[in-house]
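# Coordinate inspection notes
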Amino acid sequence: MGDVEYVRHWYHIPQIVHYVKFINIMAYNYSAEIEFVDSYERKFHAPINKVKSTIEYWLYSGAPAEKLNLGIALIGRIFTKIGPPRHETFVYLRVVENLGKHDGKYTFNTDLGASQVFFPDEYKAFYESEQGVQMKVDFAKQKELGGVMIWTLDNDISFKPFYPLFSLIFRMFDKGF
C-alpha cells in the first residue's frame, strides 16, 4: 500500500532502513478507497500528488533516497457511469488495445499525472502512459532515488512498438535498450 497513512501506521521507517538494501515503494497502490469515492478523478490508481507525498514521507522519516525505488504499475482503470459505478483494472497492453477501438476524448491530466479517455455516456478510463511514466521517472531522478520498479513487466506492450513504457524508463535513466 502506498498511502502515507498506511505507511505511518504500519512501518517504523528508521528501523527498517538499517536492515534492507533497498525498498520498493508501491506508489501505485492507492485503490483501497476506490469504491468509496464519488470523483472519477480521485479513483485513478497513482495520482502524482499522492506518489510525491508518499516518497516525501519516506524521505522525511529517515529513509535514504538511494534505498528507495519508486513503483510504477503499468495498468489502467476503466469506470462505468451507467448504473451503479463500478471499475475494472486492465494491464496497459489491454488498455491500449481497448481504447484504440473507440472514439473518445483523449487527454493527459497533469494534476493526476495520468492519461484519460472520456466517453460521456459510457465510461471514463485512466491509465499509465508515456507522459505519466515520464513524470514519475523525472521525480525519482530529481529526488535521487535508487531507481524505479515496475509492476509488472509483462503488462507493457510486447508487439510493435516493443515495450514502449519499459523502454522509456531505460532511456530516461540512460541505460539503453
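Our structure is the block above this text.
Notes on the structure follow. (Residues numbered from 1 in each chain as written. Predicted model: local features only at pLDDT ≥ 70, side-chain atom pairs only at ≥ 80, totals over all residues. Heavy atoms only, no water.)

## Quick notes on unusual backbone geometry
Even without glycine at this site, Glu144 takes up a positive phi of about 55°. Among the structural elements, Glu144 can be located in the loop between α5 (130-142) and β8 (147-151). (Helix = DSSP H or I, 4+ residues; strand = E, 2+ residues; numbered from the N terminus.)

## Side note on the packing of helix α3 (residues 48-60) against α5
Angle between the axes and distance between the axes are the two parameters that describe a pair of packed helices. The contact between α3 and α5 brings their axes to 11 Å, and the two run at 20°. As judged from the angle between their axes, α3 and α5 are roughly parallel. Crossing of α3 over α5 shows right-handed handedness. Contacts between α3 and α5 involve Ile48, Val51, Lys52, Ile55 and Glu56 from the first element and Met135, Lys136 and Phe139 from the second. (Axes fitted to C-alpha atoms, helices over the stretch in contact; angles between N-to-C directions. Parallel < 35°, antiparallel > 145°, perpendicular 65-115°, else oblique. Left-handed = near helix turned anticlockwise from the far one by under 90°. Contact = heavy atoms within 4.5 Å.)

## What about the pattern of salt bridges?
Scanning all chains against the criterion turns up three salt bridges. The partner of Glu56 in a salt bridge is Lys143, with the nearest N and O atoms 2.7 Å apart. Residue Glu56 is found in helix α3, and its partner Lys143 is found in the loop between α5 and β8; the two are separated by 87 residues along the sequence. A relative accessible area of 33% places Glu56 in the partly exposed class. Between Lys136 and Glu128 there is a salt bridge whose closest N-O contact spans 2.8 Å. The exposure class of Lys136 is buried, given its relative accessible area of 1%. (Salt bridge = Lys/Arg side-chain N within 4 Å of Asp/Glu carboxyl O. Buried < 20%, exposed > 50% of the residue type's maximum accessible area, 1.4 Å probe, protein only.)

## Considering the sheet that holds β8
Ordered by their spatial adjacency, three strands build an open sheet running β1-β2-β8, and the pairing between neighbours is parallel. Of all strands in the sheet, those bounded by a partner on one side alone are β1 (23-25) and β8. Each strand axis lies, on average, 35° off the axis of its neighbour in the sheet, ignoring direction. Relative to strand β2 (residues 68-73), β1 is paired through three bridges, and the arrangement is parallel. (Pairing = 2+ DSSP bridges.)

## Re a nonpolar patch on the surface
On the surface, a cluster of nonpolar side chains totalling about 340 Å² of accessible area is made up of Tyr6, Trp10 and Tyr11. Note on placement: Trp10 falls in helix α1 (residues 4-10). (Patch = residues over 30% accessible without salt bridge, like charges linked within 9 Å, V, L, I, M, F, W, Y side chains within 5 Å. Areas by Shrake-Rupley, 256 points an atom, 1.4 Å probe, with all protein chains shown as cover.)

## Some points on the side chain of Asp156
Locating Asp156 in the fold gives a position in the loop between β8 and α6 (164-172). With no salt bridge to any partner, buried Asp156 finds its closest opposite charge in Arg171, at an N-O distance of 9.1 Å. One polar contact links the side chain of Asp156 to the main-chain amide nitrogen of Leu165, over a distance of 3.1 Å. A distance of 2.8 Å separates the side chain of Asp156 from the backbone nitrogen of Phe166, its partner in a polar contact. In contact with Asp156, other than residues within four places in its own chain, are Leu74, Tyr92, Leu93, Tyr163, Pro164, Leu165 and Phe166. (Lys, Arg positive; Asp, Glu negative; His and termini not counted. Polar contact = N/O pair within 3.5 Å; in protein donor to acceptor, adjacent residues only side chain to side chain.)

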